[in-house]
Amino acid sequence: MEDLTIEITEEMAGERVDKAVSSIDEDWSRSQIANWVKEGAVKVNGIIVKPNYKVRLQDIIIVTPPELEELDVVPEDLNLEIVYEDEDVLVVNKPKGMVVHPAPGHADGTLVNGLMHHCTDLSGINGVVRPGIVHRIDKDTSGLLMVAKNDVAHTSLVDQLVKKTVTRKYVALVHGHIPHDKGTIQAPIARDPKERQNMAIVDKGKHAVTHFRVLERFGDFTLVECRLETGRTHQIRVHMKYIGYPLVGDPKYGPKKTMDVGGQALHAEVIGFVHPKTNEYMEFSAEPPAEFSELLESLRDKD
């Protein structure tokens, strides 16, 4: 497996090395990275450091992930909707209700199970249960994901995410009438200290920025486009709740009295990135699923 190279930016400077590396990919836990540091699999400027080493601007971190175990995830024919594919990357339109990768309680039926049936050439950087996975969306969020088919492509796509050059646009239906046409939410996100299963706005959380613009208003509901500048866990859901417009159907962050639409009304509609090999910018879009569109039509009929 190829090493992953990270150059420390101003935003990351001053953080512990284990925190800095784990922030690159949220599938890598801080404790996992700390163990890698102790094992010498993470070097800063060519030197083995301790997990509490504070990184400096322009430090070069080389991560050499441990050798992969034999993959024990069963391929499944899940009839995935592949929007684009070549020898380096593919773009898939994940359906609502599908978990991205195996985890406790979700050993099968995941996007990874489907990808392994679809193709055998997936990157190995993210370990044995997350081959090819560069970024995630929540189980009940539908929409586009980019997948790496080799480690070189994986490193390139992750680097683009870190540098905030990937285009990620979502459509969301929220409670409330947003009076202004656009806005930017900048509020740090971390685990909720009271509810560890949830994320929350926390002063010492990770930097998080969401740009939004209103697409349509339906009385007590508003359809918005959200563009991610950062990609924190549950970012749109937490940010929209923070400004007083929680997502319709959101079981974690929405109001108790919300429409039952099988989870949050959120769809990853647009993904754009520079191809790892050709250096060509590519952008893809996918319409929201039928039930999302039907919900909007019902609101238009009532309006």
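In this text the structure is predicted, and so the values were computed from the model without any measurement.

(A) Fine view of helix H6 (residues 290–302). A rise of 1.5 Å per residue sets the reference length of H6, with its 13 residues, at 18 Å; its end C-alpha atoms lie 19 Å apart and thus fit the reference within 8%. Lining the buried residues of H6 we find strand S8 (167–175), strand S12 (209–218), strand S13 (221–228) and strand S14 (266–274).

(B) Looking closely at the pairing of strand S7 (residues 142–148). For S7, a buried count of seven out of seven residues is recorded, marking the element as mostly surrounded by other parts of the structure. Pairing of strand S6 (residues 89–94) with S7, which is carried by six bridges, proceeds in the antiparallel orientation. Counted as the bridge partner of valine 89 is alanine 148 from S7. Bridging between S7 and S14 involves two bridges; their strand directions are parallel. When the bridges of S14 are listed, glycine 143 appears paired with alanine 268.

(C) A look at the nonpolar core. One finds Leu111, Leu115, Ile178, Val224, Ile236 and Met240 to be the most contacted residues of the largest nonpolar core, which totals 32 residues. Elements with a minimum of two residues in this core: S6, helix H3 (111–118), S7, S8, S12, S13, helix H5 (235–242) and S14. In terms of residue count, H3 provides more of this core than any other element does, four residues in total. Every residue in contact with valine 224, bar those within four places of it in the chain, is listed here: Tyr170, Val171, Ala172, Val174, Ile178, Arg213, Val214, Leu215 and Met240.

(D) Summary view of the side chain of arginine 168. Assignment of secondary structure puts arginine 168 in strand S8. The exposure class of arginine 168 is buried, given its relative accessible area of 8%.

(E) Broad picture of the pattern of salt bridges. For the coordinates displayed, the defined rule picks out twelve salt bridges. Between aspartate 18 and arginine 16 there is a salt bridge, with its nearest N and O atoms 2.9 Å apart. Using a relative accessible area of 3% as the deciding quantity, one classes aspartate 18 as buried. A relative accessible area of 28% places arginine 16 in the partly exposed class. For aspartate 250, the salt bridge identified is with arginine 237, shortest N-O distance 2.8 Å. Placement of aspartate 250 in the loop between H5 and S14 and of arginine 237 in helix H5 is noted, with a sequence separation of 13 residues between them. Among the residues examined, aspartate 250 registers a relative accessible area of 2% and is labelled buried. Linked through salt bridges whose partners overlap, the residues forming this network are Glu85, Asp121 and Lys149.

(F) Region of the structure containing the UniProt feature "active site" (unreviewed entry) in the protein. Per the UniProt entry, the sites bearing "active site" (unreviewed entry) are Asp138 in this numbering. Structurally, the position occupied by aspartate 138 is in the loop between H3 and S7. Note on aspartate 138: relative accessible area 22%, which makes it partly exposed. Apart from the residues lying within four places of it in its own chain, the contact partners of aspartate 138 are Lys94, His234, Arg237 and Gln264.

(G) Representation of the domain arrangement of the protein within the structure. We note that the domain assignment places domain 1 (4–63) and domain 2 (70–301) within the protein. Here the C-alpha centroids of domain 1 and domain 2 sit 26 Å apart.

(H) Summary view of the sheet that holds strand S1 (residues 4–7). Sheet architecture is open: four strands sit in the order S1-S4-S2-S3, paired in antiparallel fashion. The sheet terminates laterally at S1 and strand S3 (47–48), the two strands that pair on one side only. Two strands pair when backbone bridges link them, and strand S2 (residues 42–44) and S3 are joined in this way by two bridges, in the antiparallel orientation. Residue pairing in the sheet places lysine 43 in a bridge with isoleucine 48 of S3.

(I) Molecular detail of the side chain of aspartate 59. Take aspartate 59: it is sitting in the loop between S3 and strand S4 (60–63). Buried charge without a partner: aspartate 59 forms no salt bridge, and the closest opposite charge is arginine 56, 5.4 Å away. Among the polar contacts made by the side chain of aspartate 59, one reaches the main-chain amide nitrogen of arginine 56 at a distance of 2.8 Å.

(J) A look at the packing of aromatic side chains. Evaluated as defined, the whole model comprises two aromatic pairs. Taking the centre distance of 6.2 Å and the plane angle of 35 degrees together, the rings of phenylalanine 273 and phenylalanine 284 count as tilted. Of this pair, phenylalanine 273 sits in strand S14 while phenylalanine 284 sits in strand S15 (residues 281–285), and the two are eleven residues apart along the sequence. Taken as a pair, phenylalanine 273 and phenylalanine 284 share a single burial class, namely buried.

(K) Representation of unusual backbone geometry within the structure. Even without being a glycine, glutamine 58 presents a positive backbone phi close to 75 degrees. Following the sequence through the fold, glutamine 58 ends up in the loop between S3 and S4. A positive phi angle is found at lysine 164, which is not glycine, with a value near 60 degrees. Structurally, lysine 164 can be placed in the loop between helix H4 (151–162) and S8. A relative accessible area of 31% means that lysine 164 is categorised as partly exposed.

Cut-offs and rules
- Residues numbered from 1 in each chain as written.
- Predicted model: local features only at pLDDT ≥ 70, side-chain atom pairs only at ≥ 80, totals over all residues.
- Heavy atoms only, no water.
- Helix = DSSP H or I, 4+ residues; strand = E, 2+ residues; numbered from the N terminus.
- Expected span 1.5 Å × (residues − 1).
- Contact = heavy atoms within 4.5 Å.
- Buried < 20%, exposed > 50% of the residue type's maximum accessible area, 1.4 Å probe, protein only.
- Pairing = 2+ DSSP bridges.
- Core = buried A, V, L, I, M, F, W, Y, C linked by side-chain atoms within 4.5 Å.
- Salt bridge = Lys/Arg side-chain N within 4 Å of Asp/Glu carboxyl O.
- UniProt positions renumbered as here; feature names shortened; annotations may be inferred.
- Domains from an automatic or database assignment.
- Lys, Arg positive; Asp, Glu negative; His and termini not counted.
- Polar contact = N/O pair within 3.5 Å; in protein donor to acceptor, adjacent residues only side chain to side chain.
- Phe/Tyr/Trp six-rings, centres within 6.5 Å; stacked < 30°, edge-to-face > 60°.

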